[in-house]
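Survey of secondary and tertiary structure
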Amino acid sequence: MGKEIENENWVNKVRAEENRQKDRLNSCPFRMKYHIMPPVGWLNDPNGLCQFQGTYQAYFQYSPLSVNGGGGFWGHCTSQDLLHWQYQDPVLTTDRPEDRSGVYSGSALIEDGTMYLFYTGNVKLPGDYDYIDEGRISSQLMVSSKDGQHMSEKTVLLGMKDYPEDMTAHIRDPKVWKDQGHYYMILGARKRDFDGDRRRDTGCALVYVSDDKKQWKLDHEILPKENFGYMWECPDLFELDGEKILSYCPQGLPAEPERCQNLYQSGYSILTNGETPEKTFREWDLGFDFYAPQTFEDENGRRILIGWAGVPDTIETHRNLSVQNGWQHCLTIPRELHTENGAVYQRPVCEIDTLSWKQEEGTHCSFEREMVKIETTLQDGIPAEIRIGTEENGLMIHMEADRIQMTFLNKKGEPSACGGGRAIRIGRTASEIRHAFVLIDNSIAEIFVNDGEVVMTTRIYLEEPERMITVNGCRTCEIWKTEE
Ligand code: FRU
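Residues numbered from 1 in each chain as written. Predicted model: local features only at pLDDT ≥ 70, side-chain atom pairs only at ≥ 80, totals over all residues. Heavy atoms only, no water.

Observations concerning the UniProt feature "domain: Glycosyl hydrolase family 32 N-terminal" (unreviewed entry) in the protein
Selection rule: UniProt positions are given in the numbering used here, feature names are shortened, and annotations may be inferred rather than shown by experiment. Numbering of helices and strands runs from the N terminus, with a helix taken as a DSSP run of H or I at least four residues long and a strand as a DSSP run of E at least two residues long.
Under the local residue numbering, the UniProt record ascribes the feature "domain: Glycosyl hydrolase family 32 N-terminal" (unreviewed entry) to residues 35–348. Strand forms 53% of residues 35–348 and helix 0%; the C-alpha atoms that close the span are 12 Å apart.

Concerning the site of the ligand
Heads up, the rule is: Being near a molecule or strand, for a residue, comes down to having at least one heavy atom within 4 Å of it. The term polar contact refers here to a pair of N or O atoms within 3.5 Å; inside protein, the definition further demands a hydrogen-donor-capable atom paired with an acceptor-capable atom, and it admits residues adjacent in sequence only when both atoms are side-chain atoms. Calculation of accessible area relied on Shrake-Rupley with a 1.4 Å probe; when residues are assessed, cover is drawn exclusively from the protein chains displayed.
Taken together, Asn44, Asp45, Gln61, Tyr104, Ser105, Arg172, Asp173, Glu233 and Tyr291 are the residues near the ligand. Within the backbone of serine 105, a nitrogen or oxygen atom sits 3.1 Å from an oxygen atom of the ligand. Glutamate 233 has a polar side-chain atom sitting 2.9 Å from an oxygen atom of the ligand. In isolation the ligand has 320 Å² of accessible area, and contact with the protein removes 88% of it.

Quick word on the nonpolar core
Considering soluble globular proteins, one finds that nonpolar side chains tend to be buried as a cluster. Put simply, the rule is: Residues belong to one nonpolar core when they are buried, are Ala, Val, Leu, Ile, Met, Phe, Trp, Tyr or Cys, and are joined through side-chain atoms within 4.5 Å. Relative accessibility under 20% of the residue-type maximum defines a buried residue, over 50% an exposed one, and the middle range a partly exposed one, all with a 1.4 Å probe and only protein chains included. Any two residues having at least one pair of non-hydrogen atoms within 4.5 Å are treated as being in contact.
By size, the foremost hydrophobic cluster in this structure holds 38 residues, and its most contacted members are Ile36, Leu82, Trp85 and Trp327. For this core, the secondary-structure elements that each account for two or more residues are α1 (2–20), β1 (41–52), β2 (55–63), β3 (73–79), β19 (291–297) and β20 (303–308). When residues of this core are assigned to their parent elements, the largest contribution, four residues, is made by β2. Leave out the neighbours within four places in its chain, and tryptophan 327 touches Leu25, Cys28, Phe30, Arg31, Met32, Met37, Pro38, Gly41, Val67, Ser322, Ser443 and Arg459. Listed in part, the 33 residues of the second largest apolar core include Phe367, Val438, Ile440 and Val471.

Structural notes on the packing of aromatic side chains
So the rule is basically this: The criterion for an aromatic pair is that two Phe, Tyr or Trp rings (for Trp, the six-membered ring) have centres within 6.5 Å, with stacked assigned to planes under 30 degrees apart, edge-to-face to planes over 60 apart and tilted to the rest.
Counted according to the given criterion, the structure contains 18 aromatic pairs. Measuring from centroid to centroid gives 6.1 Å for tryptophan 74 and tyrosine 119, while their planes differ by 65°, and the two rings are edge-to-face. Taken together, the positions of tryptophan 74 in strand β3 and tyrosine 119 in strand β6 (residues 114–124) put the pair 45 residues apart, joining distant regions of the chain. A residue is classified by how much of its surface remains accessible, and tryptophan 74, at 0% relative accessible area, is buried. Look at tyrosine 119 and you get buried, because its relative accessible area is 0%. Aromatic pair tyrosine 268 and tryptophan 284: ring centres 4.6 Å apart, planes at 45°, arrangement tilted. With tyrosine 268 in strand β17 (residues 267–270) and tryptophan 284 in the loop between β18 (282–283) and β19, this pair connects stretches of sequence that are 16 residues apart. For tyrosine 268, a relative accessible area of 3% puts it in the buried group. Judged by relative accessible area, tryptophan 284 falls into the buried class, the value being 2%. Put simply, the rings of Trp42, Tyr264, Tyr291 and Trp308 touch in pairs and so form one group of aromatic residues.

A word on the sheet that holds strand β8 (residues 155–158)
Stated formally: DSSP bridges decide pairing: two strands pair if at least two such bridges lie between them. Convention adopted: a line fitted to C-alpha atoms gives each axis, helices being fitted over their contacting stretch, and angles between N-to-C directions are expressed from 0 to 180 degrees.
On the basis of which strands lie adjacent, the open sheet formed by four strands has the order β5-β6-β7-β8 and antiparallel pairing. Because the sheet does not close on itself, it has two edges, and the strands there are β5 (102–111) and β8. Averaged over neighbouring strand pairs, the angle between their axes works out to 30° when direction is ignored. Of the pairings in the sheet, the one linking strand β7 (residues 136–145) to β8 comprises three bridges and is antiparallel in character. For glutamine 140, the partnering residue across the bridge sits in β8 and is leucine 158.

Things to note about the UniProt feature "domain: Glycosyl hydrolase family 32 C-terminal" (unreviewed entry) in the protein
Within the UniProt annotation, "domain: Glycosyl hydrolase family 32 C-terminal" (unreviewed entry) is assigned to residues 438–466. Measuring from the first to the last C-alpha atom of residues 438–466 gives 18 Å, for a span that is 0% helix and 55% strand.

Let's talk about the pairing of strand β32 (residues 444–449)
Burial analysis of β32 places six of its six residues in the buried class, the great majority of the element. Where burial is concerned, the two faces of β32 agree: the one with Ile444, Glu446 and Phe448 and the one with Ala445, Ile447 and Val449 are both buried. With six bridges joining them, strand β31 (residues 435–441) and β32 adopt antiparallel strand pairing. Counted as the bridge partner of aspartate 441 is isoleucine 444 from β32. Linking β31 to β32, which pair antiparallel, is a turn of two residues; within it asparagine 442 sits at a positive phi near 55°. Where β32 and strand β33 (residues 454–459) come together, six bridges link them in antiparallel fashion.

Examining the environment of isoleucine 386
Residue placement: isoleucine 386 occurs in strand β27 (residues 384–389). The exposure class assigned to isoleucine 386 is buried, which follows from its relative accessible area of 0%. The sequence separation of isoleucine 386 and glutamate 299 amounts to 87 residues, and the corresponding C-alpha distance is 37 Å. Contacts of isoleucine 386, omitting those with residues within four sequence positions, involve Ile374, Thr376, Leu395, Met396, Ile397, Met399, Val438, Thr470 and Val471.

Some details on the domain arrangement of the protein
As a reminder, the rule being used: For the purposes of this description, domain bounds are those given by an automatic or database domain assignment. A quick way to say it: buried area is the sum, across both parts, of accessible area lost when two parts are put together, with a 1.4 Å probe. Salt bridge, as used here: a side-chain nitrogen of Lys or Arg that lies within 4 Å of a carboxyl oxygen of Asp or Glu. Asp, Glu, Lys and Arg are counted as charged, while Ala, Val, Leu, Ile, Met, Phe, Trp, Tyr, Cys and Pro are counted as nonpolar; the rest, among them Gly, fall into the polar class.
Each domain of the protein was delimited in the assignment, giving domain 1 (103–348) and domain 2 (355–482). Taken over both partners, the interface formed by domain 1 and domain 2 buries close to 2,400 Å², and the fraction arising from carbon and sulfur atoms is 53%. A per-residue breakdown of the area domain 1 buries against domain 2 is headed by Glu258, Leu286 and Phe288, which together make up 28% of the total. There are three salt bridges connecting domain 1 and domain 2. Ionic pairing is found between glutamate 258 and arginine 428, a salt bridge with its closest N-O pair at 2.7 Å. Applying the counting rule to domain 1 against domain 2 returns 18 residue pairs in polar contact (both at pLDDT 80 or more). Of the residues in the side of domain 1 that touches domain 2, the class split is 13 nonpolar, 10 polar and six charged.

Here it is in structure tokens:
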């Protein structure tokens, strides 16, 4: 009884804050129609993605009480079509000694009509610690649920004594799956390492195995041969069209002119041929806003990826204009994955075709709060441009040969306010760009080049009167808006 009252209290507190700010958020011009957002406050990683008893479930790192993050909860929303989301009560909070500083990211496993959620309990001890080797405790926990909403008591599965000795205390983000009667859990980790006298930690992943979901032992480590980032977050290991794919977020890769342009990276490696991960690494998304994706297999066997359309620690470089309206960040549109030509292609799930679309005439139009899609084909050797916004304040997408560039600069070469402080991102396709598909949902644009070979995601903060689309130089161009 005592426990239930406690639960109701924190759920009520979150719900009260969501209700208190509801009108303010609803009137914000940057709210989206078909993307997962925090009902109030801050959101980061997608967690526990699954389809359970026919319904899609998305949980997310949620800070309803602070627009600048800090965590505290797993938020929850459900959907029948991956586009219309209903927001439910949050399902987890920091109420155990092992998770008192954070209910960090994790995943779902569905088995015999029960959902199991695995996540990291984070503890930061007060004091003067480095929080790498000392002052941090990372535990892996599990809860189960019959309805995706009400959770069992928490069980602690792994603690600091269970990790290899050469690991730092940064071990988190369990992704769990079942294979041939065994359960596997992959964890992101930071191995203590030195380059001579200088500290140079190595990002890696740990794979644990279990026969009952409760007792886990280390099966193997996934280590790069060469140092490849100092920490790997949010790992995910799955089969796709017969290939073995490792998805992960290696933090600390050096920026290059056309690669790793964001502060933290997120990508995948194809491990099928036994290569170490760094050999085949590719970024998932070359836009400004993408990190910490998670995949799941739905009841139709589709492998679907949802990412966080944000990057951690960008408070200095990204003025997210929705903050003044009490919220920030969103997740990407769910994307179906396939391998093609040795790469993973991402396309928006086919459910977007079930929305009611109306085609605009010509290659120029304005829009308000509808979702918009732009579908273009290119002519050999002729540059093409798609502008979202006005000449004074907009995003320019320039495509030429194998190069695509997104620029938040206006015609005078000054930064466009709608970029929130960002300027240029560049992507390359393996051969010529033939096709580009752009999806715009109020304050997010997602660009899929050559049917998902290269994807670029960015937030864009246009006021409603500035919402214009202009396409030039394409062979064909169709612009559609949702009617709902
Ligand atoms: C990635 C991440 C995860 C962690 C979570 C905490 O963005 O740092 O590694 O579990 O966010 O919110």
